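One-letter residues, chain by chain:
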Number of protein chains: 2
Amino acid sequence: MEEKLRELKTRLGEIKDIETAASVLAWDQMTYMPPAGTAARAEQLATLQKTAHALFVSDEIGHLLEELQTETEGLDYDSDEASLVRVTARDYERERKIPDWLVAEMAKATALAHNAWVQARAESNYPHFQPHLQKIVDLNIQMAEALGYQGRIYDALLDLFEPEMKTAQVAQVFDELKTELLPLVRAITEEKDAVDDDILFRDYDEEKQWAFGLEVLRQMGFDFERGRQDKSAHPFTTSFSTNDVRVTTRVYRNRFRTALFGSIHEGGHALYEQGLRPVLERTPLCEGASLGIHESQSRLWENLVGRSRGFWTFYFPRLKEIFPEQLDGVDLETFYRAANKVEPSMIRVEADEVTYNLHIFLRFELENDMLEEKAKLSDLPEAWNAKMKDYLGIVPANDAEGLLQDIHWSSGTIGYFPTYALGTLLSVQFYNQALAEIPEIPAQIERGEFAPLRTWLQEHIYVHGKKFTPAELVKRVTGSELSARPFVEYIRAKYGDIYGL
Amino acid sequence: MEEKLRELKTRLGEIKDIETAASVLAWDQMTYMPPAGTAARAEQLATLQKTAHALFVSDEIGHLLEELQTETEGLDYDSDEASLVRVTARDYERERKIPDWLVAEMAKATALAHNAWVQARAESNYPHFQPHLQKIVDLNIQMAEALGYQGRIYDALLDLFEPEMKTAQVAQVFDELKTELLPLVRAITEEKDAVDDDILFRDYDEEKQWAFGLEVLRQMGFDFERGRQDKSAHPFTTSFSTNDVRVTTRVYRNRFRTALFGSIHEGGHALYEQGLRPVLERTPLCEGASLGIHESQSRLWENLVGRSRGFWTFYFPRLKEIFPEQLDGVDLETFYRAANKVEPSMIRVEADEVTYNLHIFLRFELENDMLEEKAKLSDLPEAWNAKMKDYLGIVPANDAEGLLQDIHWSSGTIGYFPTYALGTLLSVQFYNQALAEIPEIPAQIERGEFAPLRTWLQEHIYVHGKKFTPAELVKRVTGSELSARPFVEYIRAKYGDIYGL
């Protein structure tokens, strides 16, 4: 068994190297690549993905897995070895179903689509992006058919991001959330003058914002020897090893929240990646359990930590040192309330905690319609705007702040958005569990001490890498299933307080 | 033939994609990668290089080449098709001789050595680097043995960078140069007070230097839609397609020459890469003919253009606008003479035109000694310092400004240095030819008009990519062979004038 495991790991390590190279190329494309580099980059990414895919679905790996599945039967389910074989076999079975040409086509289509999306968004020109989206929807349908599904076609794609999650379960949780959130948003909107956030739209020097973001990341525990932050149009986190984790954010002079909460959010993802066990390096286990679990980590830091009164008890005095004029006469409570203002708005990534999930419901429903070909892509702007009106009571002035705002479809991903909402729900479940075990966490946050919380996350979540399915991990950490309830209770308490409901 | 050519190009395109991915990873390592990323990056580079190598030396490519060599016999030697088959077959024959493990070992060794070199240089700690150098020398000896050679072992490695060039020919040209340069350097050193360059060591704001470098690059014709400039410890140029060419430089407040001449030098390389024919993209022909030919382009712009009186006739008034205090009371002639001060110095990349080649003689001789195992690596600092004394009359105060100054050995390359001197000689041969065909070039340069020169280079050199061997290209462009004579005459005239010899 030892020798076969070593052979498997060698092969998987080389595949991971090639996948990581693709991640470096993608990072470069989003951060520094000159505009004309796109076409060649598309070819390069397609070749890397095709090469990695071909190496992974080889018969040799199939044979090794088959033999090792038998030989690891006696091992502990949680052991590195049994987990590696189990998880790799699941991935292998799935990847074998995807033809090589589809991998290459998708890589090529998405690299071109990314550029078209950047331009379309800049010009608010959806027709420029529509043919690329059509190509991506078509390829996703072919992908889903190749993967197979029992319920809805969406199941096949959702499973890529959130293993074993079903569309029906998502729809049910979302329905439960809707019942709670829609009346709450209406109630808050009626009290909208209770919170004024004008102070956050004053003129904040970009370099000082950047430096403050780095300071917060460092304090959270992000290790700059093993990572860095750069700028990109859309914030993201990517990892080239546990020792090289990159985050990005964007900075606007007149929108203070954007850069900082972008950094904290991506910082939450990055702590997860930097906290994976080095012994799992260069194996398929050396990543987050799922996108939903990953998002639970970013949301936990962004919302439960970064938007908490305790966090600003520590950081507000510091922020006043950096921006004495902008925050002249502003007190902690005013700042805290401003940072948490609830207001239906156009842009998902800038949405507050309460309205955020409404943006996800919309995308989840439209994606299902696209895959089931219930809607023509030429009608998508109207469909988008109609749902914005229904859920948020507002309508985008143009497609740049409407359906062109997100990078995801241009990256070829459909079925990804629900994981944001699932992660948001899980962030509260995990945080509640941490508080139950370490009641001092809120007091520690007030002193800027994030290490105990981070260590708890390390020991309960990061340490497992991708060994467990999301459902297994949630059960193991919290003792419960995924649930909307803790999130709803958290939101009610926090915003009941702020808005006096 | 069409179909086989298409098949060959598809395979070569994918190999090029993987090689380019490695270039992106290397660029990232030199510019932005966090320190702890090194070990994983080493694995990634090793895997990419191993994968590209394995794909290239496949039997399928061998068969295709064999058949196509016969089928392209009737084609024009210069045609894209015949050239692709001829050049690829030559590369194939060479690469088949290199075992897979050696490619992977070299990639891994050099990625680790790079980091060790950075640290060793920072601490002037040669012993920290020595074991890495030993590994690299050993691997290079094994490489040379695998490749085979008839004369000296150095021939096998030199051929990797300068196809068909022999060690004996280099030694002969270098001896001829030595005979001319050593007395000239002595004569100039006696007149050393004739030129004062103190003005170049005043305090020049780094951001303004950076902006001026970008301005010059743009004026030279570097296309920033298809490239960019970043900072790195050692300036370099790399290309990810003709539409994505990256240069780097470094900026010091008190050393004005470093950043600007670094930018112009790399800009010369970059114009070559941006000027290759798009139809050759993703084939082995889409690169410079050799390192020597590449260096002729960087040296031509750096020295024959950038250090000319005409260039500063145009740029000096602009520079005075940017740095009015630093250049207060300085006139064009004083600045021109300062920019061209000849002075034996420690650092090759900062050396003037006259002493530059002496640094190369030293490295060429030490590399031969290392490969022929005539010297122990522990004695290398002494050997280096002794040759510095012989050729330049000065001795480094420490190894950081001695044998640790260059990146090359840490990158695994031995046999590369002579191409700098060869390129320097060729730069004059090519420039003389351009002047013979377009006598207005010096007057155009005085007006900041670089397009005619660039277009001439485009039409006579860039356009051929790697179709021809260096000797073929030099013959085709200038009608002559490689020769030290034009360089010697240029140097005598220019510095005879400046130093009144």
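Residues numbered from 1 in each chain as written. Chains lettered and ligands numbered in written order. Predicted model: local features only at pLDDT ≥ 70, side-chain atom pairs only at ≥ 80, totals over all residues.

**Student:** Before we move on, can you summarise the overall build of chain A with the specific residues and values?
**Tutor:** Scanning chain A from N- to C-terminus turns up 20 helices and three strands. For chain A, whose C-alpha radius of gyration is 22 Å, the value lies close to the compact-globule estimate of 23 Å for 501 residues. For chain A, the C-alpha atoms occupy an extent of roughly 70 × 50 × 45 Å along the three principal directions. Across the 501 residues in chain A, those meeting the buried criterion constitute 48%. Pairs at least 24 residues apart make up 73% of the contacts formed inside chain A by residues separated by at least 6 positions. (Helix = DSSP H or I, 4+ residues; strand = E, 2+ residues; numbered from the N terminus. Rg over C-alpha atoms; globule rule 2.2 N^0.38 Å. Buried ≥ 20, exposed ≤ 12 C-beta atoms within 10 Å, placed from the backbone. Contact = placed C-beta atoms within 7 Å.)

**Student:** Could you give me a rundown of the interface of chain B and chain A, with the residues and numbers involved?
**Tutor:** Contacts between the two partners involve 31 residues from chain B and, on the opposite side, 31 residues from chain A. Of all the elements in the fold, those that place two or more residues in the side of chain B that touches chain A are helix H1 (2-31), helix H2 (38-56), strand E1 (227-231) and strand E2 (237-241) of chain B. Sort the elements by how many residues they give to the side of chain B that touches chain A and H1 of chain B lands first, with eight residues. Of the residues belonging to the side of chain B that touches chain A, the class tally is 14 nonpolar, eight polar and nine charged. (Nonpolar A, V, L, I, M, F, W, Y, C, P; charged D, E, K, R; others polar.)

**Student:** I'd like a description of the sheet that holds strand E3 (residues 244-249) of chain A, backed by residues and values.
**Tutor:** Residue and element names in this part refer to chain A. Read across the open sheet, the three strands follow the order E1-E3-E2; overall the sheet is mixed. In this open sheet, the two edge strands, each paired with only one partner strand, are strand E1 (227-231) and strand E2 (237-241). For this sheet the average axis-to-axis angle between neighbouring strands, irrespective of direction, equals 20°. Across five bridges, the pairing between E1 and E3 is parallel. By the bridge assignment for E3, Lys231 is matched with Thr249. (Pairing = 2+ DSSP bridges. Axes fitted to C-alpha atoms, helices over the stretch in contact; angles between N-to-C directions.)

**Student:** Can you tell me about the nonpolar core, naming the residues and giving the values?
**Tutor:** Within the largest apolar cluster, 276 residues are counted, with the highest numbers of intra-cluster contacts made by Ala21 and Leu45 of chain B. For this core, the element with the highest residue contribution is H1 of chain B, accounting for 11 residues. Once residues lying within four places of it in the same chain are set aside, the contact partners of Ala21 of chain B are Ala21, Leu25, Gln44 and Leu48 of chain A together with Leu48 of chain B. (Core = buried A, V, L, I, M, F, W, Y, C linked by C-beta atoms within 7 Å.)

**Student:** Summarise the confidence of the model for chain A; cite the residues concerned and give the values.
**Tutor:** Per-residue pLDDT for chain A averages 96, and the proportion of residues at 70 or more is 100%. This prediction of the complex comes with two scores: 0.93 for pTM and 0.93 for ipTM. (pLDDT = per-residue confidence, 0-100.)

**Student:** Residue-level account of the sheet that holds E1 of chain B, with values.
**Tutor:** Residue and element names in this part refer to chain B. Strand order in the open sheet formed by three strands is E1-E3-E2, with mixed pairing between adjacent strands. The open sheet terminates on both sides in strands that have one partner only, identified here as E1 and E2. Within the sheet, the average angular offset between the axes of one strand and its neighbour, ignoring direction, is 20°. Sheet analysis places E2 next to strand E3 (residues 244-249), joined by four bridges and oriented antiparallel.

**Student:** Talk me through the domain arrangement of chain A; I want residue IDs and the actual numbers.
**Tutor:** Accessible area lost during the coming together of the parts is what is often quoted as the interface size. Residues and elements named next belong to chain A. One can read the domain layout of chain A as domain 1 (2-131) and domain 2 (167-499). Computed from C-alpha atoms alone, the centre-to-centre distance between domain 1 and domain 2 is 26 Å. Taken together, the contact pairs 31 residues of domain 1 with 29 residues of domain 2. Of all the secondary-structure elements, those providing two or more residues to the side of domain 1 that touches domain 2 are helix H1 (2-31), helix H4 (80-96), helix H5 (100-123) and helix H6 (126-147). Looking at the side of domain 1 that touches domain 2, the element that brings in the most residues is H1, giving 11 residues. Here the side of domain 1 that touches domain 2 is built from residues that sort into 15 nonpolar, 10 polar and six charged. (Domains from an automatic or database assignment.)

**Student:** I'd like a description of the relation of the copies chain B and chain A, backed by residues and values.
**Tutor:** Superposing chain B onto chain A takes a rotation of 180° plus a shift of 0.1 Å along the axis, which leaves an RMSD of 0.0 Å. The operation mapping one copy onto its partner corresponds to a two-fold rotation axis. Closest approach to the rotation axis within chain B is made by the C-alpha atom of Ala21 of chain B, at a distance of 3.3 Å. In this assembly the copies share their binding face: 100% of the residues contributing to the interface of chain B also contribute to that of chain A. (Least-squares fit on C-alpha atoms with pLDDT ≥ 70 in both.)

**Student:** Would you mind going over the packing of H1 of chain A against H1 of chain B in detail, with residue names and values included?
**Tutor:** The geometry of H1 of chain A relative to H1 of chain B is characterised by a closest axis approach of 9 Å and an angle of 65° between their N-to-C directions. At the point where H1 of chain A passes H1 of chain B, the crossing takes the left-handed sense. Contacts from Ala21, Val24, Leu25 and Asp28 of chain A of H1 of chain A reach H1 of chain B at Ala21, Val24, Leu25 and Asp28 of chain B. A breakdown of the residues in the contact of H1 of chain A with H1 of chain B according to their chemical character gives six nonpolar, no polar and two charged. (Left-handed = near helix turned anticlockwise from the far one by under 90°.)

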